[in-house]
Amino acid sequence: MATGSMVCVQLGLALSLGLIDRIGVEGAAWLRLAWAGVLLLVVVRPRRAAFTKSTFVTCVLLGIVTATVTLLFMAAIARIPLGTASALEFLGPLGVAVIGGKGRNRFAWPGLAAVGVVLLTQPWEGAIDYLGVLYALGAAVCWGCYILLTQRVGDGVDGINGLAVSMGVAAIFSTLVVGSSVIPRVTPEILLFGIGLAILLPVIPFTLELMALRRLTTASFGTLMSLEPAFAMLVGFLVLSQSPGVAGLFGIGLVVAAGIGAARTGSRTPVLVDVT
(Lines give C-alpha, C1' and ligand atoms only; values in the text may rest on other atoms or scores of the structure.)
Protein backbone atom coordinates (compact mmCIF):
# COMPACT_ATOMS: atom_id res chain seq x y z
CA MET A 1 0.00 0.00 0.00
CA ALA A 2 2.79 2.41 0.92
CA THR A 3 4.66 1.58 -2.30
CA GLY A 4 1.56 2.13 -4.43
CA SER A 5 1.06 5.45 -2.68
CA MET A 6 4.58 6.59 -3.52
CA VAL A 7 4.22 5.70 -7.20
CA CYS A 8 0.98 7.69 -7.45
CA VAL A 9 2.54 10.65 -5.62
CA GLN A 10 5.53 10.91 -7.93
CA LEU A 11 3.50 10.51 -11.12
CA GLY A 12 1.07 13.12 -9.86
CA LEU A 13 3.87 15.53 -9.04
CA ALA A 14 5.49 15.06 -12.45
CA LEU A 15 2.18 15.75 -14.19
CA SER A 16 1.54 18.75 -11.93
CA LEU A 17 4.66 20.44 -13.28
CA GLY A 18 2.84 20.91 -16.58
CA LEU A 19 0.34 23.19 -14.83
CA ILE A 20 2.90 25.51 -13.25
CA ASP A 21 3.35 27.65 -16.37
CA ARG A 22 -0.41 28.09 -16.65
CA ILE A 23 -1.58 28.66 -13.06
CA GLY A 24 1.63 28.87 -11.06
CA VAL A 25 3.11 26.67 -8.35
CA GLU A 26 0.46 27.51 -5.81
CA GLY A 27 -2.27 27.01 -8.41
CA ALA A 28 -1.15 23.47 -9.24
CA ALA A 29 -1.15 22.61 -5.53
CA TRP A 30 -4.51 24.27 -4.89
CA LEU A 31 -6.21 22.53 -7.81
CA ARG A 32 -5.31 19.07 -6.48
CA LEU A 33 -6.30 19.89 -2.91
CA ALA A 34 -9.58 21.55 -3.83
CA TRP A 35 -10.78 18.71 -6.06
CA ALA A 36 -9.61 16.06 -3.59
CA GLY A 37 -11.58 17.72 -0.82
CA VAL A 38 -14.72 17.98 -2.91
CA LEU A 39 -14.51 14.40 -4.25
CA LEU A 40 -13.91 12.78 -0.85
CA LEU A 41 -16.62 14.76 0.92
CA VAL A 42 -19.17 13.93 -1.81
CA VAL A 43 -18.26 10.24 -2.10
CA VAL A 44 -17.62 9.42 1.57
CA ARG A 45 -20.13 11.79 3.19
CA PRO A 46 -18.49 11.50 6.63
CA ARG A 47 -20.83 10.74 9.50
CA ARG A 48 -20.83 12.98 12.56
CA ALA A 49 -21.15 9.91 14.78
CA ALA A 50 -17.77 8.67 13.52
CA PHE A 51 -15.93 11.44 15.39
CA THR A 52 -15.25 12.47 18.93
CA LYS A 53 -14.24 16.05 19.69
CA SER A 54 -10.61 14.95 19.93
CA THR A 55 -10.53 13.00 16.66
CA PHE A 56 -12.29 15.80 14.80
CA VAL A 57 -9.70 18.33 15.98
CA THR A 58 -6.96 15.91 14.87
CA CYS A 59 -8.57 15.71 11.42
CA VAL A 60 -8.61 19.51 11.18
CA LEU A 61 -4.92 19.68 12.13
CA LEU A 62 -4.15 16.96 9.58
CA GLY A 63 -5.93 18.96 6.90
CA ILE A 64 -3.90 22.08 7.62
CA VAL A 65 -0.65 20.10 7.60
CA THR A 66 -1.65 18.35 4.35
CA ALA A 67 -2.30 21.67 2.61
CA THR A 68 0.95 23.16 3.91
CA VAL A 69 3.16 20.24 2.87
CA THR A 70 1.57 20.25 -0.60
CA LEU A 71 2.09 23.98 -1.14
CA LEU A 72 5.67 23.91 0.16
CA PHE A 73 6.69 20.86 -1.86
CA MET A 74 5.24 22.22 -5.09
CA ALA A 75 7.21 25.41 -4.49
CA ALA A 76 10.33 23.27 -3.99
CA ILE A 77 10.05 21.22 -7.18
CA ALA A 78 9.58 24.41 -9.19
CA ARG A 79 13.15 25.34 -8.16
CA ILE A 80 15.09 22.08 -7.65
CA PRO A 81 14.94 18.61 -9.31
CA LEU A 82 12.12 16.31 -8.26
CA GLY A 83 14.49 13.64 -6.91
CA THR A 84 16.44 16.16 -4.84
CA ALA A 85 13.29 17.73 -3.39
CA SER A 86 11.88 14.33 -2.47
CA ALA A 87 15.16 13.32 -0.84
CA LEU A 88 15.19 16.46 1.30
CA GLU A 89 11.52 16.05 2.17
CA PHE A 90 12.32 12.52 3.30
CA LEU A 91 14.22 13.99 6.26
CA GLY A 92 10.79 14.41 7.89
CA PRO A 93 9.87 10.70 7.83
CA LEU A 94 13.49 9.89 8.70
CA GLY A 95 13.16 12.01 11.83
CA VAL A 96 9.97 10.17 12.75
CA ALA A 97 11.75 6.85 12.23
CA VAL A 98 14.65 7.84 14.50
CA ILE A 99 12.50 9.36 17.25
CA GLY A 100 9.91 6.59 17.17
CA GLY A 101 12.35 3.71 16.86
CA LYS A 102 13.46 1.54 19.76
CA GLY A 103 16.43 -0.61 20.70
CA ARG A 104 19.80 -1.16 19.09
CA ASN A 105 18.43 -1.03 15.53
CA ARG A 106 16.97 2.43 16.06
CA PHE A 107 19.43 4.11 13.71
CA ALA A 108 20.19 1.17 11.40
CA TRP A 109 17.68 1.50 8.57
CA PRO A 110 17.25 5.29 8.92
CA GLY A 111 21.04 5.65 8.92
CA LEU A 112 21.39 3.61 5.74
CA ALA A 113 18.64 5.65 4.15
CA ALA A 114 20.33 8.90 5.21
CA VAL A 115 23.52 7.90 3.37
CA GLY A 116 21.45 7.19 0.30
CA VAL A 117 19.75 10.58 0.58
CA VAL A 118 23.13 12.34 0.66
CA LEU A 119 24.16 10.51 -2.50
CA LEU A 120 20.85 11.41 -4.12
CA THR A 121 21.12 15.12 -3.33
CA GLN A 122 24.90 15.37 -3.94
CA PRO A 123 25.20 18.74 -2.15
CA TRP A 124 28.88 18.99 -3.14
CA GLU A 125 28.04 19.45 -6.83
CA GLY A 126 26.70 22.46 -8.70
CA ALA A 127 24.83 25.58 -7.59
CA ILE A 128 22.18 25.16 -4.92
CA ASP A 129 18.87 27.01 -4.99
CA TYR A 130 18.67 27.75 -1.28
CA LEU A 131 15.05 28.90 -1.39
CA GLY A 132 14.06 25.64 -3.07
CA VAL A 133 15.96 23.71 -0.40
CA LEU A 134 14.24 25.75 2.32
CA TYR A 135 10.82 24.94 0.85
CA ALA A 136 11.71 21.22 0.75
CA LEU A 137 12.93 21.27 4.36
CA GLY A 138 9.71 23.00 5.43
CA ALA A 139 7.80 20.26 3.63
CA ALA A 140 9.92 17.70 5.52
CA VAL A 141 8.79 19.05 8.89
CA CYS A 142 5.16 19.00 7.75
CA TRP A 143 5.50 15.46 6.38
CA GLY A 144 6.77 14.20 9.71
CA CYS A 145 3.73 15.77 11.40
CA TYR A 146 1.51 14.33 8.66
CA ILE A 147 2.66 10.77 9.43
CA LEU A 148 1.97 11.12 13.16
CA LEU A 149 -1.43 12.75 12.63
CA THR A 150 -2.49 10.29 9.92
CA GLN A 151 -1.87 7.33 12.20
CA ARG A 152 -3.92 8.96 14.97
CA VAL A 153 -6.77 9.61 12.54
CA GLY A 154 -6.57 6.07 11.15
CA ASP A 155 -6.68 4.58 14.64
CA GLY A 156 -9.42 6.83 15.94
CA VAL A 157 -11.89 7.16 13.04
CA ASP A 158 -13.66 4.37 11.15
CA GLY A 159 -13.02 3.86 7.46
CA ILE A 160 -11.87 6.93 5.55
CA ASN A 161 -14.24 9.36 7.26
CA GLY A 162 -11.25 11.09 8.83
CA LEU A 163 -9.47 11.43 5.51
CA ALA A 164 -12.56 13.00 3.93
CA VAL A 165 -12.76 15.63 6.67
CA SER A 166 -9.02 16.36 6.62
CA MET A 167 -8.99 16.80 2.84
CA GLY A 168 -12.03 19.05 3.08
CA VAL A 169 -10.12 21.19 5.58
CA ALA A 170 -7.05 21.14 3.31
CA ALA A 171 -9.18 22.40 0.42
CA ILE A 172 -10.60 25.25 2.51
CA PHE A 173 -7.23 26.18 4.03
CA SER A 174 -5.43 26.26 0.68
CA THR A 175 -8.24 28.33 -0.82
CA LEU A 176 -7.91 30.88 1.99
CA VAL A 177 -4.14 31.04 1.50
CA VAL A 178 -3.80 31.19 -2.30
CA GLY A 179 -7.32 31.14 -3.75
CA SER A 180 -7.56 34.86 -4.47
CA SER A 181 -4.47 34.78 -6.71
CA VAL A 182 -5.17 31.42 -8.35
CA ILE A 183 -8.90 31.20 -9.11
CA PRO A 184 -8.92 34.03 -11.72
CA ARG A 185 -6.38 32.02 -13.78
CA VAL A 186 -8.35 28.77 -13.76
CA THR A 187 -10.08 27.76 -17.02
CA PRO A 188 -12.69 25.01 -17.60
CA GLU A 189 -10.01 22.87 -19.25
CA ILE A 190 -7.73 23.18 -16.22
CA LEU A 191 -10.62 22.33 -13.90
CA LEU A 192 -11.33 19.10 -15.79
CA PHE A 193 -7.66 18.13 -15.77
CA GLY A 194 -7.63 18.79 -12.04
CA ILE A 195 -10.19 16.04 -11.37
CA GLY A 196 -7.94 13.30 -12.75
CA LEU A 197 -4.89 14.82 -11.10
CA ALA A 198 -6.61 14.95 -7.71
CA ILE A 199 -7.52 11.25 -7.92
CA LEU A 200 -3.91 10.36 -8.72
CA LEU A 201 -2.65 12.75 -6.04
CA PRO A 202 -3.79 13.00 -3.28
CA VAL A 203 -6.96 10.84 -3.14
CA ILE A 204 -5.45 7.41 -3.92
CA PRO A 205 -2.06 7.81 -2.17
CA PHE A 206 -3.43 9.40 0.99
CA THR A 207 -6.02 6.63 1.30
CA LEU A 208 -3.31 4.00 0.89
CA GLU A 209 -1.10 5.73 3.47
CA LEU A 210 -3.94 5.83 5.98
CA MET A 211 -4.46 2.09 5.56
CA ALA A 212 -0.71 1.38 5.70
CA LEU A 213 -0.33 3.31 8.97
CA ARG A 214 -2.94 1.06 10.53
CA ARG A 215 -0.55 -1.83 9.93
CA LEU A 216 2.91 -0.28 10.45
CA THR A 217 4.54 1.69 13.24
CA THR A 218 5.31 5.32 12.46
CA ALA A 219 9.03 4.49 12.75
CA SER A 220 8.90 1.74 10.13
CA PHE A 221 6.57 3.73 7.89
CA GLY A 222 8.91 6.72 8.09
CA THR A 223 11.86 4.61 6.98
CA LEU A 224 9.81 2.85 4.30
CA MET A 225 9.19 6.30 2.83
CA SER A 226 12.91 6.30 1.96
CA LEU A 227 11.78 4.60 -1.24
CA GLU A 228 10.07 7.83 -2.30
CA PRO A 229 13.25 9.68 -3.41
CA ALA A 230 14.11 6.64 -5.52
CA PHE A 231 10.68 6.68 -7.17
CA ALA A 232 11.02 10.44 -7.61
CA MET A 233 14.34 10.08 -9.38
CA LEU A 234 12.96 7.31 -11.61
CA VAL A 235 9.90 9.36 -12.55
CA GLY A 236 12.08 12.43 -13.02
CA PHE A 237 14.26 10.45 -15.44
CA LEU A 238 11.39 8.85 -17.39
CA VAL A 239 8.97 11.79 -17.48
CA LEU A 240 11.13 14.88 -17.02
CA SER A 241 14.49 13.67 -18.45
CA GLN A 242 16.33 14.42 -15.18
CA SER A 243 19.32 12.04 -15.18
CA PRO A 244 20.49 10.74 -11.76
CA GLY A 245 24.17 9.88 -12.43
CA VAL A 246 26.26 7.11 -10.85
CA ALA A 247 26.16 8.46 -7.28
CA GLY A 248 22.40 8.94 -7.55
CA LEU A 249 21.90 5.37 -8.71
CA PHE A 250 23.97 4.07 -5.79
CA GLY A 251 21.91 6.25 -3.46
CA ILE A 252 18.74 4.73 -4.87
CA GLY A 253 20.09 1.27 -4.03
CA LEU A 254 20.74 2.28 -0.42
CA VAL A 255 17.33 3.83 0.18
CA VAL A 256 15.59 0.86 -1.45
CA ALA A 257 17.52 -1.49 0.86
CA ALA A 258 16.54 0.63 3.87
CA GLY A 259 12.91 0.63 2.79
CA ILE A 260 12.83 -3.15 2.42
CA GLY A 261 14.45 -3.58 5.83
CA ALA A 262 11.94 -1.26 7.46
CA ALA A 263 8.99 -3.02 5.84
CA ARG A 264 10.18 -6.43 7.13
CA THR A 265 10.83 -5.35 10.70
CA GLY A 266 8.16 -2.75 11.35
CA SER A 267 4.86 -4.58 11.46
CA ARG A 268 2.24 -3.39 13.89
CA THR A 269 -0.76 -5.14 15.38
CA PRO A 270 -3.64 -3.98 13.17
CA VAL A 271 -6.14 -1.62 14.74
CA LEU A 272 -9.64 -3.05 14.51
CA VAL A 273 -11.64 -0.40 12.71
CA ASP A 274 -14.34 -0.59 10.10
CA VAL A 275 -12.77 0.17 6.72
CA THR A 276 -15.94 -0.16 4.70
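Computed from a prediction, not measured in an experiment: that's the story for all the values here. (Residues numbered from 1 in each chain as written. Predicted model: local features only at pLDDT ≥ 70, side-chain atom pairs only at ≥ 80, totals over all residues. Heavy atoms only, no water.)

Helix and strand content of the chain: 11 helices and zero strands. A fraction of 90% describes how many contacts in the chain between residues 6 or more apart in sequence connect residues 24 or more apart. (Helix = DSSP H or I, 4+ residues; strand = E, 2+ residues; numbered from the N terminus. Contact = heavy atoms within 4.5 Å.)

Moving on to the confidence of the model for the chain. Confidence in the prediction for the chain averages 81 pLDDT; 78% of positions are at 70 or higher. For the stretch residues 270-276, pLDDT sits under 50, and the model shows 12 contacts to residues farther than four places along the chain or on other chains. (pLDDT = per-residue confidence, 0-100.)

One finds Leu19, Trp30, Met74, Tyr146 and Met167 to be the most contacted residues of the largest nonpolar core, which totals 56 residues. Counting residues per element, the ones that place at least two in this core are α1 (2-44), α2 (53-77), α3 (82-89), α6 (130-156), α7 (161-182) and α8 (188-212). If you tally residues by element for this core, the top one is α1, at 12 residues. Aside from chain neighbours lying at most four places away, what touches Tyr146 is Leu62, Val65, Thr66, Phe206 and Glu209. Ranked by size, the runner-up nonpolar core spans 10 residues in total, among them Val117, Met233, Val255 and Ala258. (Core = buried A, V, L, I, M, F, W, Y, C linked by side-chain atoms within 4.5 Å. Buried < 20%, exposed > 50% of the residue type's maximum accessible area, 1.4 Å probe, protein only.)

With that out of the way, let us pick up the packing of α2 against α6. The geometry of α2 relative to α6 is characterised by a closest axis approach of 8 Å and an angle of 155° between their N-to-C directions. On the basis of their axis angle, the class for α2 and α6 is roughly antiparallel. By crossing handedness, the relation of α2 to α6 is classed as left-handed. Here the residues of the contact of α2 with α6 are counted per class, giving 18 nonpolar, nine polar and one charged. (Axes fitted to C-alpha atoms, helices over the stretch in contact; angles between N-to-C directions. Parallel < 35°, antiparallel > 145°, perpendicular 65-115°, else oblique. Left-handed = near helix turned anticlockwise from the far one by under 90°. Nonpolar A, V, L, I, M, F, W, Y, C, P; charged D, E, K, R; others polar.)

The next subject is the pattern of salt bridges. Opposite charge on two side chains permits pairing when their charged atoms draw close. A full pass over the atoms with the stated rule returns three salt bridges. In this structure, Arg22 engages Glu189 in a salt bridge whose closest nitrogen and oxygen atoms are separated by 3.4 Å. A residue pair is termed long-range when its members are at least 10 positions apart, and Arg22 in helix α1 and Glu189 in helix α8 qualify at 167 residues. Here Arg22 falls in the partly exposed class, since its relative accessible area comes to 41%. (Salt bridge = Lys/Arg side-chain N within 4 Å of Asp/Glu carboxyl O.)

It is worth spelling out the packing of helix α4 (residues 91-100) against α6 at this point. The angle between the axes and the distance between the axes are what describe a pair of packed helices. Relative orientation of the contacting elements α4 and α6 amounts to 45°, with a least axis distance of 6 Å. As the angle between them shows, α4 and α6 are arranged oblique. When the axes of α4 and α6 are compared, the crossing they make is right-handed. Facing Leu91, Gly92, Pro93 and Val96 of α4, the residues of α6 in contact are Leu137, Ala140, Trp143, Gly144, Ile147 and Leu148. Class assignment of the residues belonging to the contact of α4 with α6 gives a composition of eight nonpolar, two polar and no charged.

Here the focus is α6. When the terminal C-alpha atoms of α6 are compared, their 39 Å separation across 27 residues agrees well with the 39 Å that a helix rising 1.5 Å per residue should span. Of the residues flanking the start of α6, the one acting as N-cap is Asp129, its side-chain oxygen 3.2 Å from the backbone nitrogen of Leu131. (Expected span 1.5 Å × (residues − 1). Polar contact = N/O pair within 3.5 Å; in protein donor to acceptor, adjacent residues only side chain to side chain.)

Turning our eyes to something else, we now look at unusual backbone geometry. Here Arg45, not a glycine, exhibits a phi torsion of approximately 45°, which is positive. Looking at where Arg45 falls in the secondary structure, it is placed in the loop between α1 and α2. With relative accessibility at 64%, the residue Arg45 sits in the exposed group.

So, about the environment of Leu254. When you line up the elements, Leu254 lands in helix α11 (residues 245-265). Residue classification places Leu254 among the buried positions, given a relative accessible area of 15%. Each C-alpha atom of the pair Leu254 and Gly111 lies 9.9 Å from the other, and the pair is 143 residues apart in sequence. Beyond its immediate stretch of four places on either side in the chain, Leu254 contacts Leu112, Val115, Gly116 and Leu119.

To continue, consider the packing of aromatic side chains. Evaluated as defined, the whole model comprises one aromatic pair. For the ring pair Phe51 and Phe56, a centre distance of 6.0 Å and an interplane angle of 90° mean the geometry is edge-to-face. (Phe/Tyr/Trp six-rings, centres within 6.5 Å; stacked < 30°, edge-to-face > 60°.)

This paragraph deals with a nonpolar patch on the surface. Together, Val38, Val42 and Val43 line one region of the surface with nonpolar side chains, adding up to about 290 Å² of accessible area. One can find Val43 in helix α1. (Patch = residues over 30% accessible without salt bridge, like charges linked within 9 Å, V, L, I, M, F, W, Y side chains within 5 Å. Areas by Shrake-Rupley, 256 points an atom, 1.4 Å probe, with all protein chains shown as cover.)

Let's shift gears to the state of the cysteines. Taken as a whole, this structure holds zero disulfides when the rule is applied. Here Cys145 stays unpaired: no disulfide links it, and the sulfur of Cys142, its closest cysteine neighbor, is 6.4 Å away. Looking at Cys145, the relative accessible area reads 36%, which means it is partly exposed. (Disulfide = S-S within 2.5 Å.)

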